[in-house]
Amino acid sequence: MIEMKSVSKWYGTTQVLNDCSVKINKGEVVVVCGPSGSGKSTLIKTINALEPIQKGEIWIDGVAVHDKATDLPKLRSRVGMVFQHFELFPHLSVTDNLIIAQIKVLGRRRDEAKKRGLQMLERVGLIDHQHKFPGQLSGGQQQRVAIARALSMDPIIMLFDEPTSALDPEMVGEVLDVMVGLASEGMTMMVVTHEMGFARKVSNRVIFMDVGGRILEDTTKDEFFGKIEDRQPRTREFLNKILQY
Amino acid sequence: MAYWQNVWDRWQFLWDDRGDGVTYFQWMLSAWGYTVAVAATSLVIALVFGIVIGTLRTLSGHRVISAFAAGWVELFRNIPILVQLFIWFFVISELVPGMRSVPGFVLACCALGFFTSARIAEQIRAGIQALPTGQRNAAYAVGFTQFQTYRYVILPQTFRIIIPPLTSEAMNIVKNSSVAFAVSIPELISFAMQTQEETSRGVEVYLAATVLYAVTALVVNRVMAFMERRMRIPGLTVQTQGAH
């Protein structure tokens, strides 16, 4: 479904992704973790070309993301993305947030788009808030609307870029619940997160990145959490720190 | 009592015939109409060009386009408005073929409109750059093209941000329209100067012009404040009352 081959990226002379190769199959849930500045967010943003790459190849469902000739808007419309800071469109109501891209990008009729959007809003448990504006919702609710917005486009994969990092602890659960539900339905997901509980519960694989944008580990969940002594020293250090509390 | 009678009498010249069947009062209203027409037309020109140029300045990766937009802004804001007006009238209309037949009213509106467009362009640019980059990313992520991103996500938010400075700009254009007297547009200052000469009622004439400018600016201010309230996004910002 997604394949990254030897992807490298520089900001000026600073290398932020170093020869990263990842393969995600249909229905897989892959968690990406690692310390700040390790390039996790950059990695996930290269997949729908929000961040350009200088070297390597990225393929989504047979389409070459790295190819200049690729119709990026069309490609991105098939890839759902959820951001750390939600990024709902604040000047549009919840309903309009859900339908605008369906109408303008996918060319759906308004009633059709609204039906699909409200289905997804129902799914994240916020159907009562359809007439509100994003600024009138809590962070957790905004993030659930953002997930519904991405799902309304019927994506083939969902990318999550630290979806719970900006939330109050109490609201993390409601967002993770939605994500667990998606995973259990077989949605292909790539999730950058520090929520190790989520990784343990639903992920198939865990990728660990370290500073400099290098992928240190790419293993199954059971292996990653099961035998800590088999991990690389840097991974052990990271896991020991974050699992301590 | 005699004092107030005197004050009253001093304003009676307004009903005098100017000599061509038009009273000074009618002339004043017509001059006010010119002021409003020059200001309104210039504002439309300023908004259209300001929005386009301000947007072009924010396009990354288009060297030539953003250099052109930057050049536009510098050209029209680095030259005094009066000089620009004279250049339209005495240079451009002489040198550019076909411009000689363009009415003075249009030339004055071009001068004022382009001058103000440079200022509005800068406000638009500042407004666009004030938005978090996440909004742009989110728009691209749902599949919007660059044009759609600006049309549906960036610009609607930018307009709300820049309504207060845009209010000032709209009021400025009313006041700046007074320079049009210098090229014989029969607007308020033109009326005031000529009437002063013909009737020697300088105090009354300039007081009247002052009040009409103030009223016009106030109306513009109220209209903009109304728009600001109408466009308010529920739950988004703590709004201050009215415009500034």
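Anything mentioned here points back to the structure above.
Residues numbered from 1 in each chain as written. Chains lettered and ligands numbered in written order. Predicted model: local features only at pLDDT ≥ 70, side-chain atom pairs only at ≥ 80, totals over all residues. Heavy atoms only, no water.

J.: Give me the sheet that holds strand β10 (residues 214–220) of chain A: which residues, what numbers.
T.: Residues and elements named next belong to chain A. The strand order across the open sheet formed by six strands is β6-β7-β8-β3-β9-β10, and the pairing between neighbours is mixed. The open sheet has two edge strands with one neighbour each: β6 (79–82) and β10. Across the sheet, the axes of successive neighbouring strands diverge by a mean angle of 15 degrees, strand direction being ignored. Of the pairings in the sheet, the one linking strand β3 (residues 29–33) to strand β8 (residues 189–192) comprises four bridges and is parallel in character. By the bridge assignment, Val32 is partnered in β8 with Val192. Relative to strand β7 (residues 157–161), helix α1 (residues 40–47) is tilted by about 150 degrees, and along the sheet it contacts β3, β6, β7, β8 and β9 (205–210). On the sheet, helix α9 (residues 233–243) packs against β3, β9 and β10 and is oriented at approximately 100 degrees with respect to β9. (Pairing = 2+ DSSP bridges. Helix = DSSP H or I, 4+ residues; strand = E, 2+ residues; numbered from the N terminus. Axes fitted to C-alpha atoms, helices over the stretch in contact; angles between N-to-C directions. Contact = heavy atoms within 4.5 Å.)

J.: Describe helix α3 (residues 63–77) of chain B, and please don't skip the residues or the numbers.
T.: Given 3.6 residues per helical turn, the α-helix brings residues three or four places apart onto the same face. Residue and element names in this part refer to chain B. Its 15 residues give α3 an end-to-end C-alpha distance of 21 Å, which sits within 8% of 21 Å, the value for a rise of 1.5 Å per residue. Buried residues of α3: Ala69, Trp72, Val73 and Phe76, and no others. Relative to the axis of α3, the buried residues are bounded by an arc of 90 degrees and lie together on one face. Away from its buried face by more than 90 degrees, α3 exposes Arg63 and Val64. Buried residues along α3 sit against α2 (24–57), α4 (81–95) and α5 (104–130). (Expected span 1.5 Å × (residues − 1). Buried < 20%, exposed > 50% of the residue type's maximum accessible area, 1.4 Å probe, protein only. Arc of directions from axis to C-beta.)

J.: If you had to explain the sheet that holds strand β1 (residues 2–11) of chain A to someone new, which residues and values would you point to?
T.: All names here are of chain A. Taken together, the four strands give an open sheet; going across it, the order is β2-β1-β4-β5, and neighbouring strands pair in antiparallel fashion. Each having just a single partner strand, β2 (14–24) and β5 (63–64) make up the two edges of the open sheet. Pairing between β1 and strand β4 (residues 55–60): five bridges, direction antiparallel. Bridging from a neighbouring strand, Glu3 pairs with Trp59 of β4. Where α1 meets the sheet, it contacts β1, β2 and β4, and its direction lies at approximately 120 degrees from that of β1.

J.: Any details on the interface of chain A and chain B? Residues and values, ideally.
T.: Counting residues at the interface gives 23 residues for chain A, matched by 21 residues for chain B. Roughly 1,900 Å² is buried in total at the junction of chain A and chain B, and carbon and sulfur atoms are behind 67% of that figure. If you look at where chain A meets chain B, you find zero salt bridges. Across the contact surface, chain A and chain B share five residue pairs in polar contact (both at pLDDT 80 or more). Sort the elements by how many residues they give to the side of chain A that touches chain B and helix α3 (residues 94–104) of chain A lands first, with three residues. By residue class, the composition of the side of chain A that touches chain B is 13 nonpolar, five polar and five charged. (Buried area = accessible area lost by both parts, 1.4 Å probe. Salt bridge = Lys/Arg side-chain N within 4 Å of Asp/Glu carboxyl O. Polar contact = N/O pair within 3.5 Å; in protein donor to acceptor, adjacent residues only side chain to side chain. Nonpolar A, V, L, I, M, F, W, Y, C, P; charged D, E, K, R; others polar.)

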